[in-house]
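Fold and geometry: a report
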Amino acid sequence: MITKKVLIFGASGQIGRYCIRRLVRNNYKVIAVTRNTHQKGYILKTQAPIGYLDIEQASILDEERIYQLISNVDVCINLIGILFEKGKADTFYKIHTEFPDRISRICKQKNVDLIHVSALALDNAIDSKYAQSKIKGEIKVRENFDRATIIKPSIIFSVDDKLSTRFMGLLSLFPIFPLYYNGETKFTPIHAADVAELIFHVISKEIISKDIEAIGPEILTFKEIIQILSKCIKKKRLLIPMPLFLAKISSIFFQLFPNPLLTLDQLRLLKYDNIKSKNGITNFDIGCPSKLYFEESVLKYSFNYAEGGQFSIKKNEKK
Ligand SMILES: NC(=O)c1ccc[n+]([C@@H]2O[C@H](COP(=O)([O-])OP(=O)(O)OC[C@H]3O[C@@H](n4cnc5c(N)ncnc54)[C@H](OP(=O)(O)O)[C@@H]3O)[C@@H](O)[C@H]2O)c1
């Protein structure tokens, strides 16, 4: 029996897919919104049993359509986010500020609970356009709808991420790897399944009006993360601290590509620790602790990037 209807913007992404699977397990019906059903329909369709998932195509700029979608649900979740801008259409401001502003106004009007997913530790990053646009989005959500809950995750990992998988891809190819800011920046990586569990917890416990920092069970530096990933794919790599001016030049070069490895804005963001704030409330504080550790979890899919795949790792372990 369906108990709640949950609308998800950005449902086809990493958290979105974990979230659909977690919510339908508890008999919530999910309405997944995507920009392109032809492109994302197949991946979305496989996330839920028949009857528990509707897929809707919509533009985030189409206010009337968004109003209509929000009008028919109990909860709305915003998972839309970008790591780099693309031309004049996909800007940080439009996606991280204007869109949360639009949906929070509509949710308030329709009295629909809103969970807005932003990001952790943005406050110090005054030189990052990504961070500033996310902060402005949070402010708009708070101004428009005091019942909204804002979730601020640290870096998220899973087999579907663009972090551990991308780094393992690079580590498997190149003998040396650059460490930005000496690899000293700290993170609290959280698994996508733990973020989905938190979102489920917020909905099922009817938690409202909270800012929740979503953190993993451990703090790791950038260097430790790269070391773990190299270990997982059984490659010894030379990790070299990269001088900042070289890092800047390389990121300016990378951002010329359609899917850049690192942009100047991401490089700026990497300077700031991505850990819990001094007075912040975390998922641990509200009774939803993260359970999945980075190394243990990555080992379950790292064989994709190791020589010979899964079974060659097992063969090596026996020696
Ligand atoms: N991943 C992390 O490490 C991390 C860390 C902190 C915070 N966050 C935040 O958490 C949220 C979800 O993250 P995620 O990793 O699940 O993201 P993701 O995998 O990149 O997915 C985001 C979804 O947003 C939609 N989208 C992307 N660009 C869009 C655009 N220009 N217009 C409309 N929709 C667009 C896409 O859906 P369609 O293509 O189907 O339309 C995509 O599937 C984001 O706000 C992100 O900033 C992520």
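Residues numbered from 1 in each chain as written. Predicted model: local features only at pLDDT ≥ 70, side-chain atom pairs only at ≥ 80, totals over all residues. Heavy atoms only, no water.

All right, on to helix α8 (residues 222-232) then. Listing the buried residues of α8 in full gives F222, I225, I226, I228, L229, S230 and C232. Within two residues after α8, K234 carries a phi angle of roughly 55°, on the positive side. (Buried < 20%, exposed > 50% of the residue type's maximum accessible area, 1.4 Å probe, protein only. Helix = DSSP H or I, 4+ residues; strand = E, 2+ residues; numbered from the N terminus.)

Moving on to the sheet that holds strand β3 (residues 53-57). The parallel open sheet is built from eight strands, whose spatial order is β3-β2-β1-β4-β5-β6-β11-β14. In the strand order of this sheet, the two ends are held by β3 and β14 (281-282), each with one partner. (Pairing = 2+ DSSP bridges.)

Moving on, we come to the pattern of salt bridges. On inspection of all chains with the given rule, the structure shows 18 salt bridges. R102 serves as the salt-bridge partner of E98, at 3.9 Å between the closest nitrogen and oxygen. Of this pair, E98 and R102 both sit in helix α4 (residues 92-110), four residues apart, roughly one helical turn. The shortest N-O distance in the salt bridge between E307 and K235 comes to 2.6 Å. Here K235 lies in the loop between α8 and β13 (238-241) and E307 lies in the loop between α11 (294-298) and α12 (310-318), a separation of 72 residues in the sequence. A residue is classified by how much of its surface remains accessible, and E307, at 60% relative accessible area, is exposed. Look at the salt bridges and you will find they share partners, linking E63, E98, D101, R102 and R105 into a network. (Salt bridge = Lys/Arg side-chain N within 4 Å of Asp/Glu carboxyl O.)

The full set close to the ligand counts 25 residues, and S12, T34, K40, K134 and K162 are the nearest of them. Within the backbone of G13, an N or O atom sits 3.0 Å from an oxygen atom of the ligand. Take R35: an N or O atom from its side chain is 2.8 Å from an oxygen atom of the ligand. Relative to its free-state accessible area of 890 Å², the ligand is covered by the protein chains to the extent of 86%. Counting only elements with at least two residues in the shell around the ligand, the list comes to α1 (14-25) and α5 (129-144). Here the shell around the ligand is built from residues that sort into 12 nonpolar, eight polar and five charged. (Near = heavy atom within 4 Å. Polar contact = N/O pair within 3.5 Å; in protein donor to acceptor, adjacent residues only side chain to side chain. Areas by Shrake-Rupley, 256 points an atom, 1.4 Å probe, with all protein chains shown as cover. Nonpolar A, V, L, I, M, F, W, Y, C, P; charged D, E, K, R; others polar.)

The quantities given are spatial measurements derived from coordinates; they are silent on function.
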